[in-house]
Amino acid sequence: MSKVLVIAELNGQQLNPSTAKCVACASQLSAAAIDVIILSDQCGEAASAAAAIAGVNRVLTAESTANKGSLAAVLAPQAVAVAADYDYVLGPSTTFGKDLMPRIAALLGVGQVSDIMTVESPRSFTRPVYAGNAILTVEVADSKKIIATVRTASWKEAPAGGNAAIESISPTAEIPTHTRFVELQSATSERPDLQSAKKVISGGRGVGSAENFDIVYKLADKIGAGVGASRAAVDAGYVANDMQVGQTGKIIAPDLYVAIGISGAIQHLTGIKDAGTIVAINKDPEAPIFEIADIGLVGDLFEIVPELEQKL
Amino acid sequence: MNKILVCIKRVVDYNVRIRVKPDATGVVTDGVKMSINPFDEIALEEALRLREAGKAAEVVVATIGSADCQQQLRTGLAMGADRAILIEADSETDPLGAARVFHALIEKENPELVILGKQAIDDDCNQTGQMLAAIWGRPQATFASKLELNESTARVTREVDAGLETIEVDLPAVITTDLRLNEPRYVKLPDIMKAKKKPLETIAIADLAGDTAAQVNATSWAPPPKREKGVLVDNVDALVAALKDKGLVA
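Values in this document were obtained by computation on a predicted structure and should not be read as measured data. (Residues numbered from 1 in each chain as written. Chains lettered and ligands numbered in written order. Predicted model: local features only at pLDDT ≥ 70, side-chain atom pairs only at ≥ 80, totals over all residues.)

> Got a minute to help me understand the overall build of chain A in this structure?
The number of helices and strands found in chain A is nine helices and 18 strands. Against the globule reference of 20 Å for 312 residues, chain A gives a C-alpha radius of gyration of 21 Å, in line with a compact fold. Overall, the C-alpha framework of chain A stretches about 60 × 40 × 40 Å when taken along its three principal axes. Residue burial in chain A is summarised as follows: out of 312 residues, 57% are buried. For chain A, contacts bridging at least 24 residues in sequence account for 66% of all contacts bridging at least 6. (Helix = DSSP H or I, 4+ residues; strand = E, 2+ residues; numbered from the N terminus. Rg over C-alpha atoms; globule rule 2.2 N^0.38 Å. Buried ≥ 20, exposed ≤ 12 C-beta atoms within 10 Å, placed from the backbone. Contact = placed C-beta atoms within 7 Å.)

This is the structure we're talking about:
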């Protein structure tokens, strides 16, 4: 009977919702047990949250000051030591998981499945390729440990209701000193986190400037939405990189996604294909975004968006 | 430093509209434009800028694939790389296989820095750089948007979900590039001509690394699920009504 190890992602000391999504994916693997490992300099809070996820058998905590900064080079050898007892090691397809999981896979001498969309069978999965323009079914060779990242936009968080035991461990691993955390520059925001917000208002090059983005923020705040942006808007300096939605930014699945002044390049659409309802506001009726939008309104966003904010 | 190794991949050009073959065995690549993976182009550009700033003596560009890949290597040489290496393989390698092969090349070439794109826009795996660093036992600095090279260390700013993270790594190290690291130069005709005289070496993949058989195998390809066709509304009132109808707003 197989066992799954889920590597938890933390935001500071809190458990990132991506972990519950990994557990949801793990639940489809017909495994005997799903354990979650917290590698951090302060595990307590996250461990309690992980233990409360339905389906989790055990929470392992590896607490050490070396883990501060969640460096892949520091976490990987520890995860590898623990992975010896497991048949699957899962992580989220976030920048944390994308950085860490392949290092773990290579240290274990096995390949990795990136961005699991669905579990077809315990060794077979679907994943998006070519910016989501093709869906690939892959199968992992028999007898190989399966290392994978879970595409968070494809999975709902496993529900609460768990009551797992929490166990403190000290993995035997040589921790390298060749990589050092310096700093994290993070925009603090009161708004819902883009990755998990149910509603997202997003601005593109059409918005025109950082100042003009105020109308996007205003609309978002009116309905309690998160705010995203196209790559063009980030490149132009209107907003910070952590707001980028798309193939190489965040892949999200809100119930509502409003694209303002976004033309709809293939790479952007990859990031929003799983949204419930896509609304597009653009002055160009030929913009590709209208091909994917559920509701489209052609017109001047500088008139439409304030009017929309006012009427909502 | 002496040498920067840049690993590139030949991929379907990012502008091409991808079509899945009707027999589900792959995507249509016949007659389709192929290019250097955009992230790898950024990697090469960064290496060239470091050499131009006097921080490195030589930039070597390498790739794994069929003889057709020489086209992309020549583009790399035209951009300014000093030397190119084709590791000739008759079948696709997966990221782990590629990492093992590039590691064998590293043992031959001894670069102080290895730069590659963070992901290939065909398979979107985002694994090779990390795997290479792990096999090599060296640091990885992924999704780099800024690189500062010092004597024996590099300070790298990375684009992460929470914002911008800066780490410091000891050299030698592997860096993977993100979009905003730089904007690659255009290749000019005189450079293309000059590139024909630069060395392009071919090595058989079997001469470099033994076990490159893929462990994750593609079994079938399908087009993505289609979304239902949408509607156009005439004004904001109609939009608000539609959103309320769907229960998306109060």
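> Teacher, can you tell me more about the pairing of strand E8 (residues 118-121) of chain A here?
As paired strands, E8(A) and strand E9 (residues 124-129) of chain A are joined by three bridges and run antiparallel to one another. Counterpart to Val119(A) in the pairing with E9(A) is Phe125(A). (Pairing = 2+ DSSP bridges.)

> I'm lost on the environment of Val234(A) in this one. Help?
Position of Val234(A) among the secondary structure elements: in helix H6 (residues 231-235). In contact with Val234(A), not counting residues within four places along its chain, are Ala229(A), Val239(A), Asn241(A), Met243(A) and Gln244(A).

> I would appreciate a short explanation of the packing of helix H3 (residues 72-83) of chain A against helix H4 (residues 95-108) of chain A in the present structure.
To describe two helices that pack against each other, one gives the angle between their axes and the distance between the axes. All names here are of chain A. Relative orientation of the contacting elements H3 and H4 amounts to 50 degrees, with a least axis distance of 9 Å. The angle between H3 and H4 places the two elements in the oblique class. Helix-helix and strand crossings are classified by hand; for H3 and H4 the assignment is right-handed. Each of Ala72, Leu75, Ala76, Pro77, Ala79, Val80 and Ala83 in H3 lies in contact with H4, whose residues at this interface are Asp99, Leu100, Arg103, Ile104, Leu107 and Leu108. Looking at the contact of H3 with H4 residue by residue, the class counts come to 11 nonpolar, no polar and two charged. (Axes fitted to C-alpha atoms, helices over the stretch in contact; angles between N-to-C directions. Parallel < 35°, antiparallel > 145°, perpendicular 65-115°, else oblique. Left-handed = near helix turned anticlockwise from the far one by under 90°. Nonpolar A, V, L, I, M, F, W, Y, C, P; charged D, E, K, R; others polar.)

> Help me understand the sheet that holds strand E15 (residues 226-229) of chain A, please; the structure alone is not making it clear to me.
Within a sheet, adjacent strands bond to each other through the backbone by hydrogen bonds, running parallel or antiparallel. Across the sheet, which stays open at both edges, the six strands sit in the order E15(A)-E14(A)-E16(A)-E17(A)-E18(A)-E13(B) with parallel pairing between neighbours. Lying at the two open borders of the sheet, with one neighbouring strand each, are E15 of chain A together with strand E13 (231-233) of chain B. When the angles between neighbouring strand axes are averaged without regard to direction, this sheet yields 20 degrees. In terms of strand pairing, strand E14 (residues 199-203) of chain A meets E15(A) through four bridges, oriented parallel. Considered in E15(A), the bridge of Ile201(A) is made with Val227(A).

> What is the right way to read the interface of chain B and chain A from this model?
It is common to give the size of an interface as the accessible area that goes away when the parts come together. Across the boundary between the two partners, chain B contributes 61 residues, which contact 68 residues of chain A. Among the secondary structure elements, those contributing two or more residues to the side of chain B that touches chain A are helix H3 (95-109), helix H4 (128-136), strand E7 (140-149), strand E8 (153-160), strand E9 (163-170), strand E12 (216-222), E13 and helix H7 (236-245) of chain B. Here the side of chain B that touches chain A is composed, by residue class, of 35 nonpolar, 12 polar and 14 charged. The sheet contact formed by strand E10 (residues 134-140) of chain A and E12(B) spans six bridges and is antiparallel. In the sheet register, Leu136(A) faces E12(B), and the bridge partner there is Trp221(B).

> Where do I start with the nonpolar core in this structure?
It is characteristic of soluble globular proteins that their nonpolar side chains tend to be buried jointly. By size, the foremost hydrophobic cluster in this structure holds 138 residues, and its most contacted members are Val6(A), Ile37(A), Ala50(A) and Val6(B). For this core, the leading source of residues is H3(A), giving eight residues. Among all residues touching Val6(B), those that are not within four sequence positions of it are Ala43(B), Leu44(B), Ala47(B), Val59(B), Val61(B), Ala81(B), Ile115(B) and Leu116(B). With 50 residues, the next largest nonpolar core counts Val216(A), Ala233(A), Ala259(A) and Ile281(A) among its residues. (Core = buried A, V, L, I, M, F, W, Y, C linked by C-beta atoms within 7 Å.)

> Looking at this model, I keep getting lost on helix H2 (residues 70-79) of chain B. Mind explaining?
The α-helix winds at 3.6 residues per turn, so residues separated by three or four positions along the chain end up facing the same way. Within H2(B), seven of the 10 residues are buried, which leaves it mostly tucked inside the rest of the structure. Looking at the residues trailing H2(B), positive phi occurs at Gly80(B), about 140 degrees.

> When you look at the sheet that holds strand E7 (residues 112-116) of chain A in this model, what are you seeing that I'm missing?
Residue and element names in this part refer to chain A. Here seven strands make up an open sheet; going across it, the order is E7-E11-E6-E1-E4-E5-E12 and the pairing parallel. Two strands bound the open sheet, and with one partner strand each, they are E7 and strand E12 (165-168). The sheet shows a mean angle of 25 degrees between the axes of neighbouring strands, taken without regard to direction. Where strand E1 (residues 3-7) meets strand E4 (residues 33-40), five bridges bridge the pair, whose relative direction is parallel. Residue Ile7 lies in a different strand from E4, and its bridge partner there is Ile37. Contacting E4, strand E5 (58-63) and E12, helix H2 (residues 44-51) crosses the sheet at an angle of about 165 degrees to E4. Against the sheet, H3 makes contact with E1, E4, E5 and strand E6 (88-92), and its axis sits at roughly 155 degrees relative to E4, the strand it touches most.

> Got a minute to help me understand unusual backbone geometry in this structure?
Leaving glycine out, the prevailing phi sign among residues is negative, and the prevailing peptide bond configuration is trans. All names here are of chain B. Look at the link from Leu171 to Pro172: it is a cis peptide, with omega at 0 degrees. Position of Pro172 relative to the elements: it lies in the loop between E9 and strand E10 (173-177). Of note, the phi angle at Asn110 is positive, near 55 degrees, even though the residue is not glycine. Take Asn110: it is sitting in the loop between H3 and strand E6 (113-117). Take Asn110: there are 10 C-beta atoms within 10 Å of it, and that puts it in the exposed class. Although it is not a glycine, Phe143 sits at a positive phi angle of roughly 55 degrees. Structurally, Phe143 can be placed in strand E7.

> I'm lost on the domain arrangement of chain A in this one. Help?
All names here are of chain A. Along its sequence, chain A is organised into domain 1 (3-168) and domain 2 (199-311). Look at where the C-alpha atoms of domain 1 and domain 2 centre, and you get two points 31 Å apart. On the side of domain 2, nine residues touch domain 1, which itself brings six residues to the contact. Here the residues of the side of domain 1 that touches domain 2 sort into two nonpolar, three polar and one charged. (Domains from an automatic or database assignment.)

> I would appreciate a short explanation of H3(B) in the present structure.
Residues and elements named next belong to chain B. Between the first and last C-alpha of H3 there are 20 Å, a value that for 15 residues agrees with the 21 Å anticipated at 1.5 Å per step. The element H3 is largely enclosed, with a buried count of 11 among its 15 residues. Along H3, the positions that sit buried rather than exposed are Pro95, Leu96, Gly97, Ala98, Ala99, Arg100, Val101, Phe102, His103, Leu105 and Ile106. Asn110 occupies a position one or two residues after H3 and carries a positive phi of about 55 degrees. (Expected span 1.5 Å × (residues − 1).)

> What is the right way to look at the pairing of E7(B) in this model?
Across a regular strand the side chains alternate sides, sitting on one face of the sheet and then on the other. Residue and element names in this part refer to chain B. Counted residue by residue, E7 has seven buried out of 10 residues, so it is predominantly covered. Note that E7 and E10 share three bridges and pair parallel. Along E10, the bridge assignment pairs Gln140 with Val174. Between the end of E7 and the start of E8, which pair antiparallel, lie three residues.

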